[in-house]
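# Analysis of the macromolecular model
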Amino acid sequence: MNSVFSPLVKSLLVALLAVTATAHAEDKKAAPPAAPKIDAAKGAALFTDGDAARGLPACVSCHGAGGNSTITVNPKLAGQHEGYLYKQLVNFTTADRSQPVMTTYAKMLSDEEKHNVAAWLVTQKPTPGAAKNKDTVELGKKIYRGGIAEKSVPACASCHGANGAGIPIQYPRLSGQHQDYTVAQLGLFKTGARKSVEMAAIAKRMSDEEMKAVADYVAGLK
């Protein structure tokens, strides 16, 4: 009797083992990637010292001590949302935000290093800015708080907050940002050089004067 059923039993065992192995392989494929080990201290070191071995300059040389840039065309990064900073470093490596300098350096950073730098910058205290053009500050305030109804431009505050604090990952902190940098980014959104469906549509409806007024008002937000 054993000799009659043995081949059948063996076949069933082989089939069962094959199904089990396949299911195990599928489970491994479906398993989510492990969360990155974020180390803000390593981010601080990379920001401050760079990595000479890779030819990666210190971020501080362009973005200032603690992320408080003193060069008005380079953004202040101190206190910016961690998720947003990480997302922008990733975007610089894609067609979404191609920029000669940042694209080069962002591609040199590992995913973990991007997280580390972002994790450190969010802990830094941003230096305050100030509105400079008293002739346009009211226009900037009006657009930021209420938009431009006749142009279907929404209030900037609806996404970036009444005080320019922004929303993590989605919308950046704008308060205290350099006027020159903000104007430049609005211009890039307008031409499509920087990709964003929302911001491109808004920027295309704004005049240069309106962009400058908003940028100046935002610089003085706290």
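To be clear, the structure that these remarks concern was listed above.
About the criteria used
Residues numbered from 1 in each chain as written. Predicted model: local features only at pLDDT ≥ 70, side-chain atom pairs only at ≥ 80, totals over all residues. Heavy atoms only, no water. Helix = DSSP H or I, 4+ residues; strand = E, 2+ residues; numbered from the N terminus. Buried < 20%, exposed > 50% of the residue type's maximum accessible area, 1.4 Å probe, protein only. Contact = heavy atoms within 4.5 Å. Areas by Shrake-Rupley, 256 points an atom, 1.4 Å probe, with all protein chains shown as cover. Axes fitted to C-alpha atoms, helices over the stretch in contact; angles between N-to-C directions. Parallel < 35°, antiparallel > 145°, perpendicular 65-115°, else oblique. Nonpolar A, V, L, I, M, F, W, Y, C, P; charged D, E, K, R; others polar. Core = buried A, V, L, I, M, F, W, Y, C linked by side-chain atoms within 4.5 Å. Polar contact = N/O pair within 3.5 Å; in protein donor to acceptor, adjacent residues only side chain to side chain. Phe/Tyr/Trp six-rings, centres within 6.5 Å; stacked < 30°, edge-to-face > 60°.

## Quick look at the overall build of the chain
- On a plain count of helices and strands, the chain comes out with 11 helices and zero strands.
- Each helix and strand of the chain, ordered N terminal to C terminal, gives the series α-α-α-α-α-α-α-α-α-α-α.
- Taken over 222 residues, the chain has a buried fraction of 37%.
- Residue pairs at least 24 apart in sequence account for 64% of intrachain contacts in the chain once pairs closer than 6 positions are excluded.
- Summed over all atoms, the accessible surface of the chain reaches about 12,900 Å², with 62% contributed by carbon and sulfur.

## Description of the packing of helix α2 (residues 40-49) against helix α6 (residues 111-121)
- Here α2 crosses α6 at 90°, and the two axes come no closer than 7 Å. As far as their axial angle goes, α6 and α2 are roughly perpendicular. Residue-level contacts link Ala40, Lys42, Gly43, Ala44, Leu46 and Phe47 of α2 to Glu112, Glu113, Asn116, Val117, Ala119, Trp120 and Leu121 of α6.
- Of the residues in the contact of α2 with α6, the class split is eight nonpolar, two polar and three charged.

## A look at unusual backbone geometry
- Backbone geometry places Ser152, a non-glycine residue, at a positive phi of 60°.
- Position of Ser152 relative to the elements: it lies in the loop between α7 (137-146) and α8 (157-160).
- A positive phi angle, close to 70°, is found at Ile169, a residue other than glycine.
- Here Ile169 is to be found in the loop between α8 and α9 (179-191).

## Brief notes about the environment of Pro172
- Within the secondary structure, Pro172 sits in the loop between α8 and α9.
- Linking Pro172 and Tyr84, residues 88 residues apart in sequence, is a C-alpha distance of 6.4 Å.
- Discounting residues that sit within four places of it in the chain, Pro172 has contacts with Gln80, His81, Tyr84, His160, Gly164 and Gly166.

## With respect to the nonpolar core
- Counting residues in hydrophobic clusters, the biggest one holds 17 residues, and the most contacted among them are Ile143, Tyr144, Met206, Val214 and Val218.
- Elements supplying a minimum of two residues to this core: α7, α9, α10 (197-203) and α11 (208-219).
- At four residues, α11 tops the list of elements feeding residues into this core.
- Ignoring anything within four residues of it in the chain, the contact list for Ile143 reads Ile148, Pro154, Ala155, Cys156, Met206, Glu210 and Val214.
- Of all hydrophobic cores here, the second largest spans 12 residues; its members include Leu85, Leu109, Trp120 and Leu121.

## Some details on the side chain of Asn74
- Its location among the elements puts Asn74 in the loop between α3 (60-63) and α4 (82-91).
- Of the polar contacts made by the side chain of Asn74, one reaches the backbone oxygen of Cys62; its length is 3.2 Å.
- Excluding anything up to four places from it in sequence, Asn74 contacts Cys62, His63, Ser69, His178 and Tyr181.

## Brief notes about the packing of aromatic side chains
- Within the structure shown, the criterion is met by two aromatic pairs.
- The interplanar angle of 50° and the centroid separation of 5.2 Å between the aromatic rings of Phe47 and Trp120 together place this pair among those described as tilted. Here Phe47 is found in helix α2, whereas its partner Trp120 is found in helix α6, with 73 residues between them in sequence.

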